[in-house]
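This is what each chain is made of:
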Amino acid sequence: MTTNPRKVPPQTGESMSIIDYLQLDVLFPDAKYEYHASSVRLMSGGSGEHATIAGNIYIGLRLQFRSGPCTVYNSDMRVQVAEDTYYFPDVTVTCNVDDRRRGIKAVHSPRLVVEVLSPSTEKVDRTEKLLTYQACPTIAEVALVSQFAPYVEIWRRDEHDATTWQYAHYSTDAEVEFASLDVRLSMTDIYREINFDEPLIEN
């Protein structure tokens, strides 16, 4: 007998198998879930600043790799960073040809991941996600980007000791170095169209 598929979307923290998790795309196509330690996390919408900054970084990196050898994805692409973990980073860069095959549903060899910090996600981004990213053997750099001030933090895997990570941070008027890609993006380009002097709208 075939079991009827669930009709109620799962809530953050609900436990399930990886097989059931991957079926959520079909059952609830309008929802986006991450998966870690056998439980799901429902992704929520971000602010206009969040979308603009992530888009600026995506476009800046895409322009660097128009003819290869790396591929840049936005937050619509699922990324597997461990056997039991799937995330949706704001920007992902992979230089593995298998990750740009037509019809792929997930990146399996990320080199750079970027998270634009939000009040509701910063704690997870700085703890669970950062540690999980650093444990992924293909990831060489992790970027955490503020949306409330021109400030970018980079963790880089040491070239000579894969278990060691170097830390760098960038602020106003600097150029952010993505050493694993041999690419630099200016803070001006990353924060283009963001006016920090304009007061925030209280929702």
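It should be noted that the structure appears before, not after, this text.
Keep in mind that what you see is a predicted model, and the values were worked out from it rather than measured.

## As for the sheet that holds strand 4 (residues 78-82)
Move 1: An order of 2-1-5-4-7 is seen for the five strands of this open sheet, with the pairing classed as mixed. With partners counted over all chains shown, the strands left at the sheet margins are strand 2 (39-42) and strand 7 (106-107), one partner each.
Move 2: Of the strand pairs in this sheet, strand 1 (residues 33-36) and strand 2 are connected by four bridges, and their pairing is antiparallel. What sits directly across from Y33, in strand 2, is L42.
Move 3: In the packing of helix 1 (residues 18-27) onto the sheet, the strands contacted are strand 1, strand 2, strand 4 and strand 5 (85-87), and the crossing angle to strand 1 comes to about 170°.
Move 4: On the sheet, helix 3 (residues 122-135) packs against strand 1, strand 2, strand 4 and strand 5 and is oriented at approximately 125° with respect to strand 5.

## Thoughts on the nonpolar core
Move 1: Among the nonpolar cores identified, the biggest contains 27 residues, and I57, L61, V145, F178, L181 and I190 are the most heavily contacted of them.
Move 2: Aside from chain neighbours lying at most four places away, what touches L61 is V72, V91, V93, L112, F178, L181, V183 and L185.
Move 3: C136, I139, V142 and L144 belong to the second-largest nonpolar core, a separate cluster that totals 17 residues.

## Considerations on the packing of aromatic side chains
Move 1: For the coordinates displayed, the defined rule picks out five aromatic pairs.
Move 2: Each member of the aromatic cluster is reached from another via a ring pair, and the members are Y21, Y35 and Y86.
Move 3: Sitting over the ring of F88, K32 keeps its end group 5.2 Å from the ring centre.
Move 4: Over the ring of Y87 we find K129, and its NZ or CZ is 5.0 Å from the ring centre.

## Regarding helix 2 (residues 48-64)
Move 1: The terminal C-alpha atoms of helix 2, which comprises 17 residues, lie 25 Å apart, in line with the 24 Å expected from a rise of 1.5 Å per residue.
Move 2: Along helix 2, the residues that are buried comprise H50, I53, A54, N56, I57, G60 and L61. Here the buried residues of helix 2 occupy an arc of 150° about the axis, which is enough to place them on one side.

Basis of the calculations
Numbering of residues starts from 1 in each chain and follows the order in which that chain's sequence is written. Reporting of local features is limited, given that this is a predicted model, to residues whose pLDDT is at least 70; pairs of side-chain atoms are given and counted only at 80 or more, and all residues count toward the totals for whole chains, interfaces and linings. As a rule here, side-chain values come from all non-hydrogen atoms in the structure, and water together with hydrogens is ignored. The rule for pairing is simple: two strands pair if DSSP sees at least two bridges between them. Elements are defined by DSSP. Helices are runs of H or I of four residues or more, strands are runs of E of two residues or more, and each kind is numbered from the N terminus. Any pair of residues with heavy atoms lying within 4.5 Å of one another is described as a contacting pair. Between the N-to-C directions of two axes lies an angle of 0 to 180 degrees, each axis being a line fitted to C-alpha atoms and, for a helix, fitted only over the stretch in contact. Take the buried residues of types Ala, Val, Leu, Ile, Met, Phe, Trp, Tyr and Cys, join any two whose side-chain atoms come within 4.5 Å, and each joined set is a nonpolar core. For every residue, the accessible area (1.4 Å probe, protein chains only) is compared with the maximum for its type, and the residue is labelled buried under 20%, exposed over 50%, or partly exposed between those bounds. Aromatic contacts are taken between Phe, Tyr and Trp rings whose centres are within 6.5 Å, Trp giving its six-membered ring; a plane angle under 30 degrees counts as stacked, one over 60 as edge-to-face, and the others as tilted. Charge over a ring is defined by NZ of Lys or CZ of Arg lying within 6 Å of the ring centre and within 35 degrees of the ring normal. How far a helix is expected to stretch is found by multiplying one less than its residue total by 1.5 Å. Relevant arc is that of directions from the helix axis to the C-beta atoms, nothing else.

In short, the description is geometric, and any link to function would need to be established separately.
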